[in-house]
Structure formats: structure tokens, C-alpha cells
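Examination of the molecular architecture
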Amino acid sequence: MRRDPYEVLGVPHDAEERDVKKAFRRLARELHPDVNAHDPEAEEKFKEAVEAYEILSDAERRATYDRYGFDGLESRGFASAAHGFGSFADIFDAFFGGDPFGGAFGGRGAGRVQGGDVAVAVEVSLTDAARGTSVGVSYELVDRCERCHGNGAEPGTAIEACERCGGAGRLRAVSRTAFGQLVREQACDVCGGEGRVPSEPCHECAGRGRRAVRKTLRVDVPAGIADDQRIRLSGRGHAGERGGPPGDLYVVVRVREDERFLRDGSDLVTVIDVPAPAAALGATATVPTLDGDEEIEIAPGTQPGTVVTLRGRGMPTLGRGRRGDQRVVLNVVIPRNLTVRQRELLTELRGSLTEQNLSEPEPESLLSRVRRALR
């Protein structure tokens, strides 16, 4: 069932022509395919809006509809122009001369266009990520042609006004619709909106003003950088078009895994094996750190999974310099492949153990810990 044109545009019956036009353009933007791609009925809704606008913007049609409805319009031969177009894009081109958003949704224009961004990945060790380093990166990009300095003309030759658009950079086409003549404007397909073309194209870039090149540069990787973190280098990306600024270069840093450490934010976690006798009697053990090996004390009666914390031995915090901690997890190793004598000794030990040897120690009170810390 066809809806009332006033209801479609959301305007009152006494709305003036400028209000009708304003309501139609607002609705057209809401139904634009780049905004409303999720709605498969957007095209039909737009055609409905076009028909409503045709009726309410024309004094004769509006008066006929107000008195006789849609039947009166059809009896007088007022057909809708919206149904004569093949696609949604055709309707927009006819009514707005291309993208009604002024190029915000990909329409061509003669303005400056910023170059695209480039991404490249580099790999560093965990040690380099902790200390900071400098790495070389090589990547391909579209850069300004050095021979013609980006203007597309062979050095020493002239740049002339485009014959197709007369130097305007834009082409205009006039079409007839139910509203009368509508003008469609778009960038010139010969000069790309520049309005000028080289009399002799550059031999290096074939008149494009840009060409593919490979560049190599060194990038400083800051201390504390995390895996998959990006470093942005402004203006190192693809060259812009028509004098537009270049894009950026993003260096994605991959930090290789280190078999000695697991990274937990700015902390490092290390697991070392401690023989059961050493855990029971107490001992010293060597622990790898980013600054070299370090000895730690294994307290008598150490249990599996005990954690010893080395303050300030972890990763630096990016931009702050303060280092995290290194947590050493003690894995108590039970001996295997025992000799006869070893079995005899362990059997003797087992027989001598009492409940006191196997029970958990009494938890230390807070006051006792404070006293111990103050000694």
C-alpha cells in the first residue's frame, strides 16, 4: 500500500516548499547506500521518498494529490521519475549529481588526497625489547617521482590546460527529470580533476607523478616495547595525490619468545629445577636474568611452586623506565632411577619422618613480619 507523501517525508500538510526540500535531502542522506548498506530495502525506501518529493514540490501535483489522492495523479498522467532508473546509484546521480555527501563516501573530487599508510613488521629479541635497539626496515611504497618532482611532465616540457574540461577539472552533464534539468558534475576523467595535463609525460613515471620504489631506513625501538606494538613514523607512507600529504609508516614489532622467560606485562617469570634434597636442606641456585646469571637462596623446607621475587629484574615500563620484577618459580624435582643404596637411605629417611616434619608451619603473624622487616 502506497504511503501518504506527507508521512513519507515527515512534514505537515501546510509545509512550505523549502521545508519539503530540506526533509527530502535529510531522508536521502539517511538512505545513502554507504550509510544504509545493512538495509536491503533502502533503494525502495528512497524511490518512495523521491515520489513523495515529486508530488509535494510541484504545486500542480500537490494540489491534485490533496484533492484526489494517487488516483487523481495517475489519471492526469503524473508518473514518478524514480521508477525509470536502473539502480540506486543512478537515482543519486540524477538528483544530486553524484555523491550527495560531497565526496565523503568515496566520490571523486579535485581536492588534495592524502597518501595511504604502509605497514611493515620487524622482529627483535626479548633482550633487545628490554634494552631498546635500532633496526633496519625495508619496504615498498608509491613515492613522488624524482625526475618530474611529482608534476608528471618530462623536465623542460610544458604543462597545459586539459582540453577535455577546458582547465576546469570538472565535467558537467545535464539530464532531464520530472523536476526539469538537473546538472551532474564530476572530476574530469582525463586530468583527474587537476585541470592541467603535461604536454609530454614524464619518461620515468609515464605522467603519473608517482612511482613504486623501495626504501630502507633505521627505526628506533624503545625499551619496554610489547609484542605486536606499533611504531608510527609520520609522513613515511605512500605519496599523496594532487599535492596531498603522504601517509604514515607503521612498524609492527614482533618480540621473539625467549625459552628462559615468560612475559607478564612488565614482569618476567622463570622456572628453575631444585633437587628435592636441596629444597629440604636449603641451598643456593643460579637464575638467568636479563642482566646475567644471579644466585638466589633456597630456604630449607622449600615446597614445590614456591616463588622467589627479584625486584627490578623484569622489563622496563614503556616511556617510564621503571622495571618490573622477575618471579622465579621453584620446581622441586623428585629423584628417579635410584641405586640400591639411595633407596636404602630414602627408606631410612621415610621411617624417621614424623608428623612435625610433614605438617604446614604456623602462619607468621603480621606483627612478626613487621618486626623482622625492621631488623
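Once a new chain begins, its residue numbering starts again from 1 and follows that chain's sequence as written. Per-residue local features are limited, in this predicted model, to residues with pLDDT of at least 70; the limit for side-chain atom pairs, both in listing and counting, is 80 or more; totals at the level of whole chains, interfaces and linings are taken over all residues. Think of the side-chain values as coming from all heavy atoms in the structure, minus any hydrogens and water.

**Describing empty space enclosed by the protein**
Put simply, the grid is 1 Å and covers the protein atoms alone, a cavity is a trapped set of points that fit a 1.4 Å probe, a pocket is an open set with protein on both sides within 12 Å along at least five of seven lines, and lining residues have an atom within 4 Å of a point. Grid points are joined across faces, edges and corners, and a volume is the space filled by probe spheres set on the points. As enumerated under the stated definition, the model contains 1 cavity of 30 Å³ or more in all. What lines the largest cavity is Arg3, Pro5, Val8, Glu48, Glu51, Ala52 and Phe70. Helix and strand assignments come from DSSP, with helices taken as H or I runs of at least 4 residues and strands as E runs of at least 2, each series counted from the N terminus. Among the elements that line the lining of the largest cavity, the one with the most residues is helix α3 (residues 42–57), at 3 residues. Any residue outside Ala, Val, Leu, Ile, Met, Phe, Trp, Tyr, Cys, Pro, Asp, Glu, Lys and Arg is labelled polar, Gly included; the first ten of those are nonpolar and the last four are charged. Split by residue class, the lining of the largest cavity holds 4 nonpolar, no polar and 3 charged.

**Description of the pairing of strand β1 (residues 118–124)**
Residues Val118, Val120, Val122 and Val124 line the buried face of β1, whereas the alternating positions Ala119, Ala121 and Glu123 sit on a face that is not buried. Paired strands are those between which DSSP finds at least two bridges. Note: β1 against strand β9 (residues 249–255), 7 bridges, orientation parallel. Looking across to β9, one finds that Val122 is bridged to Val253. Classification of residues uses two cut-offs on accessible area relative to the type maximum, computed with a 1.4 Å probe and protein chains only: under 20% is buried, over 50% is exposed, and between them is partly exposed.

**Quick look at helix α4 (residues 59–75)**
Every α-helix winds through 3.6 residues per turn, so residues three or four apart in the chain are directed the same way. Its 17 residues give α4 an end-to-end C-alpha distance of only 17 Å, which falls more than 12% under 24 Å, the value for a rise of 1.5 Å per residue. Axes are fitted to the seven residues ending at a residue and to the seven starting at it; the angle between these axes is taken as the bend at that residue. Within α4, the axis deviates most sharply at Tyr68, by approximately 130°. Within α4, burial applies to Arg61, Arg62, Thr64, Tyr65, Gly69, Phe70, Gly72 and Leu73. Contact criterion: two residues are considered in contact whenever any of their non-hydrogen atoms come within 4.5 Å of each other. In this fold, the buried residues of α4 make contact with α1 (5–9), α2 (17–30) and α3. Helix span is expected to be 1.5 Å times the residue number reduced by one.

**Section: the sheet that holds strand β11 (residues 267–275)**
If you walk across this open sheet you meet the 4 strands as β10-β11-β15-β14, and the pairing is mixed. Of all strands in the sheet, those bounded by a partner on one side alone are β10 (262–264) and β14 (307–310). Averaged over all pairs of adjacent strands, the angle between their axes in this sheet comes to 30°, without regard to strand direction. Where β14 and strand β15 (residues 326–333) come together, 4 bridges link them in antiparallel fashion. If you follow Leu310 over to β15, its bridge partner there is Gln326. Axis angles are defined between N-to-C directions and span 0 to 180 degrees, where every axis is a line fitted to C-alpha atoms and, for a helix, only to the segment in contact.

**What to know about the packing of aromatic side chains**
Only Phe, Tyr and Trp rings take part, Trp by its six-membered ring, and two of them pair if their centres are within 6.5 Å. Stacked means planes under 30 degrees apart, edge-to-face means over 60, and tilted covers everything else. With the rule as written, the count across this model stands at 4 aromatic pairs. Ring geometry for Tyr6 and Tyr65: centres 6.5 Å apart, planes at 45°, overall tilted. With Tyr6 in helix α1 and Tyr65 in helix α4, the pair connects residues that are 59 residues apart, well separated along the chain. Ring plane angle 65° and centroid distance 5.1 Å describe the contact between Tyr65 and Phe70, whose orientation is recorded as edge-to-face. For the pair formed by Tyr65 and Phe70, the shared burial category is buried. The rings of Tyr6, Tyr65 and Phe70 are connected pair by pair, giving a single aromatic cluster. In this structure, Arg2 is placed above the aromatic ring of Phe70, and the distance from its NZ or CZ to the ring centre is 4.0 Å. For a Lys NZ or an Arg CZ to count as sitting over a ring, it must be within 6 Å of the ring centre and within 35 degrees of the ring normal.

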